[in-house]
Each structure stands twice: as C-alpha cells, then as structure tokens.
Amino acid sequence: MRRTVYNEDHEAFRGTIRDFIATEVVPVYDEWREAGAVPREFYKKLGDLGVFGIEVPEEYGGAGEGGGFKFHAVITEECARAGVSFGGSSVHTALCLPYLLKYATEEQKRRWLPPFVSGDMMTAIAMTEPGTGSDLAGMKTTAKLSEDGTHYVLNGAKTFITGGVQADRVLVCARTAPPTPEDRRAGISILAVDTTSEGYAVGRKLEKLGLKTSDTAELSFTDVKVPVGDLLGEEGKAFGYLGQNLPQERLGIAVAAYAQASAAVAFAKDYVQDRTVFGTSVASFQNTKFVLADCKADVDAMEAVVDRALDAHETGGLSAADAASAKLFTTERAAVVIDKCLQLHGGYGYMMEYPIARLYADTRVSRIYGGTSEVMRTIIAKSMGL
C-alpha cells in the first residue's frame, strides 16, 4: 500500500537526504564509529543543507515549515535505510528546538536561533542525573539566584547526555527552589548554559552498547554562573514544559524503531538471497520465507501505528497515552524483528561490519530512553482508567 503520511515536499526532501547520505556519510561512517562521534564540521554541513532550520521561523534564518516534524521523520527513515546515523543532531532538533521556539524570549531567539540553524551552536538537554533515572522530580542539581539577582549559581551533575561532548549550549534542568510536600515536581527550571562557562565540565565520554556515533557524556557544574537572561521560560515551571514535549520525543523514538525494523528486513532479504548454503540460497528455505513474512507483517503494523501518530502530531492531536502506546508497540516489536533478521545472517550477523549487528545494538536503548517500556505501560494503563 502507498503511504499517504508524506506529501510531495517530503518525498523531494527524502531524495535530497538520500543523496547527501550516500556522498557525505556512507564513505566515512566507519571512521565516525571508530571515533565515537561525528566530526563537528559535519553539523555545519547539516546546517548548510537546511536540516536544522526546517521548523525555525524565517526571521531567524529558518524555513518556517509548519508540521516540520515529518521532515525529521524522513531523515530518521533514510538514516536507518543506509545503516548510518547523524550523531547527536536529532537531540538538537527534536528535543531542544521545541523548548527554544516555545519558551525563549524574543531577545533569546535572536541570539540563539541563527547559530542553531547554521550549526555554529549545537545544543543538548540535560535532565537525567546519576541515581534518578526516570524520576526527574528527584533531581538534585541546584541553581541559586545570586544576592544581586544578576545570575544563578549552578551546582550538580548530569549523566547520559546525548551530544554533551560537542554541545555549545546545554539546556540544564535544575532546582531553583526545593520541592514542596504537596508537589515534589515544583521548583525546577531550565537554564541555557554556555559550555565555555567557568566551572562547567564534561566528564567521561560514556562507552555505550550501541549508537556509537552519538557522543554521550557526564556533565558536572561547580559554581557555574549563568546569567538570568539565560533562564528559559518561567522559573519553577520546567517540569510542566518537559511533560509537554515528551509525546514528540516518544514519537521520534517510535519512528526510529519502525525505520530500523524496516531496514533490518531489507538487509536480511538481500543477505539471504545472496548467501548460499548446501548448494542453494538461504532464501529458498521455507523457514527463511516464513520468518521474513512474519517480520514484514510486523513492520507493516508498525508503519500503520507510526503514520497515524505522525498525522495526529501534525494536527496537535497526539496525546501522551497515544505517544506512549506508539513507542511501546514499535520498540518492543522492532527488537523481535531485528533479532530474527540477525539470526538469518548466521555468524555474520554478529559482526559489526554488517549493518544488522549495528541495528541490533542501537535499537536496544529504545525500550529505555524517553521513558522505559514499563513507564509506557503505566501511562497507557492510567489512560484506561486502571
């Protein structure tokens, strides 16, 4: 069946991204994996291509596209198709940008959005802390207003920060006031911290199971002075802000899970048609055909879920429970599909030179970040009145 979720502009953009990946990414991707990050100058190329400015209004250097998230979904699909990644750029656009567009003042937008669009200023968001995980209300990082009211003094630590090594400005969630007995979520604010600030430090660059080209870091803050002009939104309101952006974040993870599963089926199909065992192709065995048929049916179902969610998000109708359901279903099924497709590769499926092995490692985190599968089930059950 022909997909109707994308229009002609999306498909033209797909062609541009596919060509860009073929010329700018595939030839050097192994070098990126060995380095554990994409080169900093690559983000400038994405800026030149217009990737970072799709949803940014024209007056700040962007294209001002409404419903721009579908363009980012196209990028996700094309990266999976080629077995590559754009590093931490998805955090820059899908996670950080919504906060800048919705909560930044006019002065902040004029200061931050032009370099955001060009790739001269890469961003990351720092929520998770050692020992807190999904319990954001339990964060211990503090930002205390100075006596003269000109700046905040930031102290604490964050971990699992995607893009944290290369970021120029990080949206740090911190307590500007202690929690109250009635509401432990109160008192959290977002500060857009300049990473060149004194007392700001990048700790370990974390070694991950997968997502090897995405730099992930530990961050620490020791008496970091953050100007009050770099407070994003209202003081103490950040927990509500974070909750509003979670459906899009979870939709992005669902799109990636579907795209990776779809790519895995394509990789497995090509492999079994070329691979010969006992004098015949692996594709000729009934088991191979049935396994791939099952995988194809799963991918078709994931596509339907993702496309419905993309359309709902574009019209503002994607609820937190809808996004949780999409993420839960696609990430859980993608794990099954990719595992089956790796099995069809035999021993070669375990070799990192094959994209199926990288997909297997990369997709595992999708059931953890953005809220674990267990958290998704809790959200869905609550929406059912349970």
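Anything mentioned here points back to the structure above.
Counting restarts for each chain, with residues numbered from 1 along the sequence as it is written. In keeping with the predicted nature of the model, local features appear solely for residues at pLDDT of at least 70, side-chain atom pairs appear and are counted solely at 80 or more, and the whole-chain, interface and lining totals rest on all residues. With hydrogens and water excluded, all non-hydrogen atoms of the structure serve as input to the side-chain values.

**Details of a negative patch on the surface**
Item 1. Candidates for patches are residues over 30% relative accessible area with no salt bridge; among them, like charges are joined within 9 Å and nonpolar side chains (Val, Leu, Ile, Met, Phe, Trp, Tyr) within 5 Å. The protein chains shown are the only cover counted for residues, whose accessible areas, like all others here, come from Shrake-Rupley with a 1.4 Å probe. Definition used for salt bridges: Asp or Glu carboxyl oxygen within 4 Å of a side-chain nitrogen of Lys or Arg. Here Asp and Glu are counted as negative and Lys and Arg as positive; His is not counted, and neither are the chain ends. By convention, charge coordinates are those of NZ in Lys, CZ in Arg, CG in Asp, or CD in Glu. A cluster of like negative charges, contributed by Glu-8, Asp-9, Glu-58, Glu-59 and Glu-65, occupies part of the molecular surface.
Item 2. Tracing the chain through its elements places Glu-59 in the loop between α3 (40-49) and α4 (69-82).
Item 3. Partly exposed residues are those whose accessible area sits between 20% and 50% of the maximum for their type, while under 20% is buried and over 50% is exposed, using a 1.4 Å probe and protein chains only. On the basis of relative accessible area, Glu-59 is assigned to the exposed category, the value being 53%. Counting from the N terminus, the helices are the DSSP runs of H or I reaching at least four residues and the strands are the DSSP runs of E reaching at least two.

**Considerations on unusual backbone geometry**
Item 1. Its identity is not glycine, yet Phe-160 carries a phi of approximately 60°, on the positive side.
Item 2. Of note, the phi angle at Asp-223 is positive, near 50°, even though the residue is not glycine.
Item 3. Structurally, Asp-223 is set in strand β7 (residues 216-227).
Item 4. Given a relative accessible area of 47%, Asp-223 falls into the partly exposed group.

**Quick word on the packing of helix α9 (residues 320-344) against helix α11 (residues 373-383)**
Item 1. As a packed pair, α9 and α11 sit with axes 9 Å apart at the nearest point and diverge in direction by 140°. It follows from the interaxial angle that α9 and α11 lie oblique. Here the hand of the crossing between α9 and α11 comes out left-handed. Together, Ala-320, Ala-321, Ala-324, Ser-325, Lys-327, Leu-328, Thr-331 and Glu-332 of α9 and Ser-373, Met-376, Arg-377, Ile-379, Ile-380 and Ser-383 of α11 make up the contact between the two elements.
Item 2. Residues are grouped as follows: nonpolar covers Ala, Val, Leu, Ile, Met, Phe, Trp, Tyr, Cys and Pro; charged covers Asp, Glu, Lys and Arg; every other residue, Gly included, is treated as polar. Of the residues assigned to the contact of α9 with α11, the class counts are 7 nonpolar, 4 polar and 3 charged. Axis lines are fitted to C-alpha atoms, over the contacting stretch for helices. Their N-to-C directions set the angle, which ranges from 0 to 180 degrees. Note that the term roughly parallel is reserved for angles under 35 degrees, roughly antiparallel for angles over 145, roughly perpendicular for angles of 65 to 115, and oblique for everything else. Helix crossings are classified by the rotation of the near helix relative to the far one: an anticlockwise turn of less than a right angle makes the crossing left-handed, while a clockwise turn makes it right-handed. The contact criterion used is simple: two residues touch if any of their non-hydrogen atoms lie within 4.5 Å.

**Points about the packing of aromatic side chains**
Item 1. What counts as a ring pair is set by centres within 6.5 Å for rings of Phe, Tyr and Trp (its six-membered ring), and what kind of pair is set by the plane angle: stacked under 30 degrees, edge-to-face over 60, tilted for all other angles. Taken as a whole, this structure holds 13 aromatic pairs when the rule is applied.
Item 2. Within the aromatic cluster, the residues linked to one another by ring pairs are Phe-20, Tyr-29, Trp-32, Phe-42, Tyr-43, Phe-52 and Phe-86.

**Here's the deal with the environment of Leu-232**
Item 1. Looking at the element boundaries, Leu-232 is found in strand β8 (residues 231-232).
Item 2. The buried category is assigned to Leu-232, whose relative accessible area is 0%.
Item 3. Along the primary structure Leu-232 and Ala-264 are separated by 32 residues, whereas in three dimensions their C-alpha atoms are 40 Å apart.
Item 4. Once residues lying within four places of it in the same chain are set aside, the contact partners of Leu-232 are Tyr-99, Leu-100, Tyr-103, Ala-104, Gln-108, Trp-112, Leu-171, Ile-190 and Tyr-241.

In short, geometric facts, not functional conclusions.
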